[in-house]
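Structural characterization, general
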Amino acid sequence: MLARRGIAVSPGVAIGSALVLGTEDFRIPQRFVSVDAVDTEVARFRVALDAACREIAENEKLASEQLGQQYAAIFGAHLQMAQNPKLIEEIESLIREKCLSPEFASSRVLRRYAKAIQNLGNTYLAERAADIFDLEKRILRHLLGERREELAHLTEPVLVLAHNLTPSETARLNKQLVIGFATEVGGSTSHTAILAGALEIPAVVGTGDFLSDVSGGEIVIIDGNHGEVIIDPDDKTLTKYRDSEAKFRTFTERLDSLRQLPAETLDGVRIQVMGNIEFPDEVEHCTHRGADGIGLYRTEFLYLENDREPTEEDHYNAYCRVIQAMHGHPVVIRTLDLGADKIPSSFLGASEKAANPVLSLRSLRLSLQNLPLFKTQLRAILRAAVHGDVRVMFPLVTSLLELRQAKMILADVMEDLDEHGVEFNRDVPVGMMVEVPAAAILAHEFAAEVDFLSIGTNDLIQYTLAVDRSDPTVANLYSSGDPSILRLIRTVVEAGKTHNKPVTVCGQMSSDPKFVLQLIGIGLRHISVTPHAIPELKEVIRKITVSHAEQIAAHVQTLEVARDIENYLRGELKKVCPDLVM
Amino acid sequence: MCERNVKVNLENGLHLAPCSAIAKVSSGFDCDVRIVKGDLSINAKDIFEVIQLAAEYGTTLLCKATGPDAPKAIQALADLFESNFEGIVPPEA
């Protein structure tokens, strides 16, 4: 048994057999063979190994003819490894003595070799572990032959384990058969993490290296509640998780029954609980949980989905789908929030590689420097706004000048639509994200010039505490409970109150029920969260009074460090909703 | 028994291709061939063991052979190191 800790990005527990992506693009269907089959299985292994060796020898010959002897050497090395008597002996004895299937045995032994190389402490050599994975893949391919099961054609449920999943790979995962995933890299605010939430399967990211410790087909537990990945669990752990999996399911079912009930405190104060979405399909995750609207509609997928720049109609159609599904409930559309590094450079002309992407050309800054791109999106939003309660929101606003510029461009676009006689909504409320400390500090000035404010806690925390949460060496310094963060949020909420402008919190902080107590206590009345968190938050809201929340917030103000604040809030939450503290 | 010191002059040390060459050359002789680095002594005929040396640029290794072909084996290994694995290892980037 081996446990790895990462960042929990999508709740739930999944138990199943592993599919290790990248080094293995197909699944090992069977881990054990029966005792009487051992001889035939060993023979099957030898046939596959011979075929693999012939293939490598052919590659060696080709490379030597076409590229020269020195380039063929690498295949020569592969061949030597594949024919290594000790290696073969180890694999065969696992088949004979432990009754492992040849696939599982090969994968196990080769991974142990790869791991040994990675552990030599020589970076150049460590990368050579990839050669061993290559060999593993080749042998597996021959062993599995026609029975090969690829990710695209799965027939049985699996847990996907990968070094990294790109957003598009994540989006393509078959939700019926991929019942959970874990990646070695990535942070809680990475695009992949956000998509995991959207798919609603348990997911853990940022575990650090572990792929060489796991073979395809091995039993793995992904605990998306606590951010744990357990490889080859012992019976005790397995039973514990089977129980908690069942408990989680009943708990979710009970929460689902809250769907039709309003998010109202015991003393009758209505809190607006809205959903954050990325894809139009997710709108149903919100409606069936009784969301009061879409508080954050991210539009990045439009830019990432295709290799071409999205047209005005692409935008318009995507927006209309969401607006229509929400039947008059508010839909807040956030304009492009990507860094220049994430966008195909063909959209923007040549772009320099930024040394520090989070502090460089991204988000609204990028839009303001690429007006045709920005205007296309704004036109589509204004046109779609005819069909419902649509609001437009600018991300990463840092200075008043930027906000004014963005508003001026919006006015230009309106004028243009007017001139061409195109139908649009000229009264679209205009808001901004407060996610840069500068914007939080000047919240009063900003509040005077917008219709609403929305606090993006992920970036606000990263910029305020100077921490990249996806970097495991400093991830522990990232905390929503830091007094500096709470003070900035308080400033923004107060600015909203003074100027009578609604304030929403739409970062991951507001999906955490313990912080919801605090946020309501400082006067926040709108939250927007990942859809699966909606029922949980309703449960909390329906069990407290505003005055109780205010007392909690008052006590929090007396605490000086994040750890004390988080512990205190966890304790208070436990009193209110014991089920939620696991 | 025969032995000789050799020095690793490859910029990236003994990576996969040179390790493979060492194992291949050693395997061609009727004798036991070992390479010693500090406390570590490995069987030079087994590529995985040669990799375990993790010998970086500038490391000095001791090659030892026992058996009928010992002098020939040591000469062949010394040649390999002296030519800096020419024609076996791709020109380093």
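Keep in mind the model is a prediction, meaning the values are calculated, not measured. (Residues numbered from 1 in each chain as written. Chains lettered and ligands numbered in written order. Predicted model: local features only at pLDDT ≥ 70, side-chain atom pairs only at ≥ 80, totals over all residues. Heavy atoms only, no water.)

For the rest of this paragraph, the subject is the packing of helix α21 (residues 513-521) of chain A against helix α23 (residues 546-557) of chain A. Residue and element names in this part refer to chain A. Their axes nearest at 7 Å, the elements α21 and α23 cross at an angle of 100°. Judged by the angle between their axes, α21 and α23 are roughly perpendicular. In this structure, α21 contributes Leu517, Gln518, Ile520 and Gly521 to the contact, and α23 contributes Val546, Ala549, Glu550, Ile552, Ala553 and Val556. Grouping the constituent residues of the contact of α21 with α23 by class yields seven nonpolar, two polar and one charged. (Axes fitted to C-alpha atoms, helices over the stretch in contact; angles between N-to-C directions. Helix = DSSP H or I, 4+ residues; strand = E, 2+ residues; numbered from the N terminus. Parallel < 35°, antiparallel > 145°, perpendicular 65-115°, else oblique. Contact = heavy atoms within 4.5 Å. Nonpolar A, V, L, I, M, F, W, Y, C, P; charged D, E, K, R; others polar.)

The next point concerns the packing of aromatic side chains. For any pair of aromatic rings, geometry is given as the distance between the ring centres together with the angle between the planes. Across all of its chains, the model carries six aromatic pairs over all chains by this definition. An angle of 70° between the planes, with centres 6.5 Å apart, marks the rings of Phe32 of chain A and Phe104 of chain A as edge-to-face. With a gap of 72 residues between them, Phe32 of chain A in the loop between β3 (13-20) and α1 (38-66) and Phe104 of chain A in helix α4 (residues 102-118) connect regions that are remote in the sequence. Given a relative accessible area of 44%, Phe32 of chain A falls into the partly exposed group. Seen in terms of ring centroids, Phe81 of chain B and Phe85 of chain B are 5.1 Å apart; in terms of plane orientation they differ by 70°. Their pairing is edge-to-face. Overall, the relative accessible area of 2% leaves Phe85 of chain B in the buried class. The ring of Tyr316 of chain A carries Arg383 of chain A above its face, with NZ or CZ at 4.2 Å from the centroid. (Phe/Tyr/Trp six-rings, centres within 6.5 Å; stacked < 30°, edge-to-face > 60°. Buried < 20%, exposed > 50% of the residue type's maximum accessible area, 1.4 Å probe, protein only. Lys NZ or Arg CZ within 6 Å of the ring centre and 35° of its normal.)

With that settled, the discussion passes to the sheet that holds strand β15 (residues 503-505) of chain A. All names here are of chain A. Ordered in space as β9-β10-β11-β12-β13-β14-β15-β16, the eight strands form a closed barrel in which the pairing is parallel. Mean inter-strand twist for the sheet, computed between neighbouring axes without regard to direction, equals 25°. Two strands pair when backbone bridges link them, and strand β10 (residues 294-297) and strand β11 (residues 331-334) are joined in this way by two bridges, in the parallel orientation. Looking at the pairing, Tyr297 lines up with Ile333 of β11. (Pairing = 2+ DSSP bridges.)

The next thing to look at is the nonpolar core. Residues and elements named next belong to chain A. Ranked by size, the top nonpolar core spans 105 residues in total, and within it Ile294, Tyr297, Tyr319, Phe394, Met432 and Ile489 carry the most contacts. Ranked by the residues each element gives to this core, the list is headed by helix α16 (residues 400-419), at eight residues. Setting aside anything within four residues of it in sequence, one finds Ile489 in contact with Ile455, Thr457, Leu460, Met509, Leu519 and Ile522. (Core = buried A, V, L, I, M, F, W, Y, C linked by side-chain atoms within 4.5 Å.)

Once that is clear, we can look at the interface of chain A and chain B. Residue-level contacts link 24 residues of chain A with 21 residues of chain B. Of the roughly 1900 Å² buried at the junction of chain A and chain B (both faces included), carbon and sulfur atoms supply 66%. Looking at the side of chain A facing chain B, the largest losses of area belong to Gln70, Gln80 and Tyr124 of chain A, adding up to 28% of the total buried there. For the pair chain A and chain B, the number of links is two salt bridges. In this structure, Asp46 of chain B engages Lys86 of chain A in a salt bridge whose closest nitrogen and oxygen atoms are separated by 3.2 Å. In this structure, the connection of chain A to chain B is made through four residue pairs in polar contact (both at pLDDT 80 or more). Counting only elements with at least two residues in the side of chain A that touches chain B, the list comes to α2 (69-82), α3 (85-98), α4, α5 (123-126) and α6 (129-144) of chain A. Broken down by element, the residue count for the side of chain A that touches chain B peaks at ten residues, all from α2 of chain A. Of the residues that constitute the side of chain A that touches chain B, the class distribution is 13 nonpolar, seven polar and four charged. (Buried area = accessible area lost by both parts, 1.4 Å probe. Salt bridge = Lys/Arg side-chain N within 4 Å of Asp/Glu carboxyl O. Polar contact = N/O pair within 3.5 Å; in protein donor to acceptor, adjacent residues only side chain to side chain.)

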